[in-house]
Amino acid sequence: MCIFCKIIEKEIPAEIVFEDEEILAFKDARPLAPVHILIIPKKHIASIDNLEDTDALLMGKLIVAARTLARKFDISEKGYRLLIRVGEWGGQEVPHIHLHLIGGAQLYEEIRLV
Ligand code: 5GP
Ligand code: ZN
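Below is a short write-up of the structure. Since this is a predicted model, take the numbers as computed values, not measurements. Sequence order as written defines the numbering, with residues in each chain counted from 1. Chain A is the first chain written and ligand 1 is the first ligand written, with later ones labelled in order. This being a predicted model, a pLDDT of at least 70 is required before a residue's local features are given, and a value of 80 or more before pairs of side-chain atoms are given or counted; all residues contribute to the totals for chains, interfaces and linings. Side-chain metrics rest on all non-hydrogen atoms present in the structure, leaving aside hydrogens and water.

1. Considerations on the coordination of the zinc ion (ligand 2)
Ideal donor angles around a metal are set by the shape: a four-donor tetrahedron calls for 109.5 degrees, a six-donor octahedron for 90 or 180 degrees.
For step 1, the next point in the chain: Listed donors are limited to N, O and S atoms within 2.8 Å of the metal, widened to 3.2 Å for Na, K and Ca; water is not among them, so incomplete-looking sites are possible. Protein-derived coordination of the zinc ion (ligand 2) comes from C2 (SG), C5 (SG), H44 (ND1) and H96 (ND1), at a distance range of 2.0 to 2.3 Å.
For step 2, the next point in the chain: Viewed at the metal, the four donor atoms of the zinc ion (ligand 2) are separated by angles of 101 to 119°, and the geometry they form is tetrahedral.
For step 3, the next point in the chain: Motif for the zinc ion (ligand 2), donor spacing along one chain: C-x2-C-x38-H-x51-H. Residue C2 is located in the segment before α1 (3-8), and its partner H96 is located in the loop between α3 (87-90) and β5 (99-103); the two are separated by 94 residues in the primary sequence. Under the classification used here, a metal with four donors is tetrahedral if each angle lies between 85 and 135 degrees, square planar if opposite donors are over 155 degrees apart and the others between 65 and 115, a six-donor metal meeting that same test is octahedral, and anything else is irregular. Working definition: helices are DSSP H or I runs of at least four residues, strands are E runs of at least two. Numbering for both runs from the N terminus.

2. A look at the environment of L101
For step 1, the next point in the chain: Relative to the helices and strands, L101 is located in strand β5.
For step 2, the next point in the chain: Sequence separation between L101 and A33 is 68 residues, and the spatial gap between their C-alpha atoms is 9.7 Å.
For step 3, the next point in the chain: Here L101 is in contact with V35, H36, I37, I39, A66, L69, A70, I75, Y80, R81 and L82, once residues within four sequence places are set aside. The contact rule is simple, with two residues in contact once any of their heavy atoms fall within 4.5 Å.

3. Concerning the nonpolar core
For step 1, the next point in the chain: In this structure, A25, I37, I39, L62, L69 and L101 are the most contacted members of the largest nonpolar core, which totals 18 residues.
For step 2, the next point in the chain: Counting residues per element, the ones that place at least two in this core are β2 (23-27), β3 (35-41), α2 (56-72) and β5.
For step 3, the next point in the chain: As used in this record, nonpolar core signifies buried Ala, Val, Leu, Ile, Met, Phe, Trp, Tyr and Cys residues forming a set joined through side-chain atoms within 4.5 Å. Only protein chains enter the accessibility calculation, which uses a 1.4 Å probe; a residue whose area is less than 20% of its type maximum is buried, one above 50% is exposed, and one in between is partly exposed. Grouped together as the second largest cluster of nonpolar side chains are 10 residues, C2, C5, L24 and I40 included.

4. What to know about the packing of aromatic side chains
For step 1, the next point in the chain: Between rings of Phe, Tyr and Trp, where Trp is taken as its six-membered ring, a pair exists when centres lie within 6.5 Å; planes separated by under 30 degrees are stacked, by over 60 edge-to-face, and by other angles tilted. The full count for this structure, using the stated rule, is one aromatic pair.
For step 2, the next point in the chain: With 5.3 Å between their ring centres and 75° between their planes, F4 and F26 make a pair best called edge-to-face. Placement of the pair is F4 in helix α1 and F26 in strand β2, with a sequence separation of 22 residues. Side by side, F4 and F26 carry an identical accessibility label, which is buried.

5. What about the side chain of S47?
For step 1, the next point in the chain: Along the polypeptide, S47 turns up in the loop between β3 and α2.
For step 2, the next point in the chain: Take S47: its relative accessible area is 8%, and that puts it in the buried class.
For step 3, the next point in the chain: Among the polar contacts listed, one links the side chain of S47 to the backbone nitrogen of D49, at a separation of 2.9 Å.
For step 4, the next point in the chain: The residues touching S47, leaving out its near neighbours within four places in the chain, are V86, Q92 and I97. We call two N or O atoms a polar contact when they sit within 3.5 Å, provided that within protein one can donate a hydrogen and the other can accept it, with sequence-adjacent residues counted only if both atoms are side-chain atoms.

6. Re a nonpolar patch on the surface
For step 1, the next point in the chain: Among the surface-exposed residues, I48, I84 and V86 lie close enough to one another that they form a single nonpolar patch of about 180 Å² accessible area.
For step 2, the next point in the chain: In this structure, I48 sits in the loop between β3 and α2.
For step 3, the next point in the chain: With a relative accessible area of 30%, I48 lands in the partly exposed category. Two joining distances apply to patches: 9 Å for like charges and 5 Å for nonpolar side chains (Val, Leu, Ile, Met, Phe, Trp, Tyr), and every residue must have over 30% relative accessible area and no salt bridge. Note that accessible areas follow from Shrake-Rupley with a 1.4 Å probe, and for residues the cover is restricted to the protein chains shown. Salt-bridge detection follows one rule: a side-chain nitrogen of Lys or Arg within 4 Å of a carboxyl oxygen of Asp or Glu.

Given below as structure tokens:
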């Protein structure tokens with residue numbers, strides 16, 4: 001089982017900030033900003049590359065959950081960033097789709113080739 005599936009199953013602890021039948025959101029263990037939340041589908045999908053066409057609604061729900069959490073954590077007015085890494089060259093570390101919600105400070109560009 002992947003590490004995020006273990007968090008879903010409550011086998012390893014996480015600071016959960018939202019949960020419903022399909023989605024779990026929890027604080028990133030190594031936050032890059034004052035607010036750094038990971039929003040994941042409870043269905044194990046390794047990456048965006050593994051999505052099926054029928055997962056479109058589920059992925060939309062991740063984004064809507066991000067909007068709701070941004071309001072809850074009071075970062076929607078100033079703005080924030082949503083990020084999904086895909087695969088090795090995208091820098092994806094955990095093989096279970098996760099949408100990063102990052103905010104609470106001015107963010108600058110960080111894409112580098114070296
Ligand atoms: P990626 O690089 O795959 O886009 O992001 C993986 C994220 O998961 C990283 O920001 C990392 O800090 C976070 N992470 C990895 N393992 C754990 C964990 O066990 N618990 C929590 N809360 N976050 C984790
Ligand atoms: Zn998983």
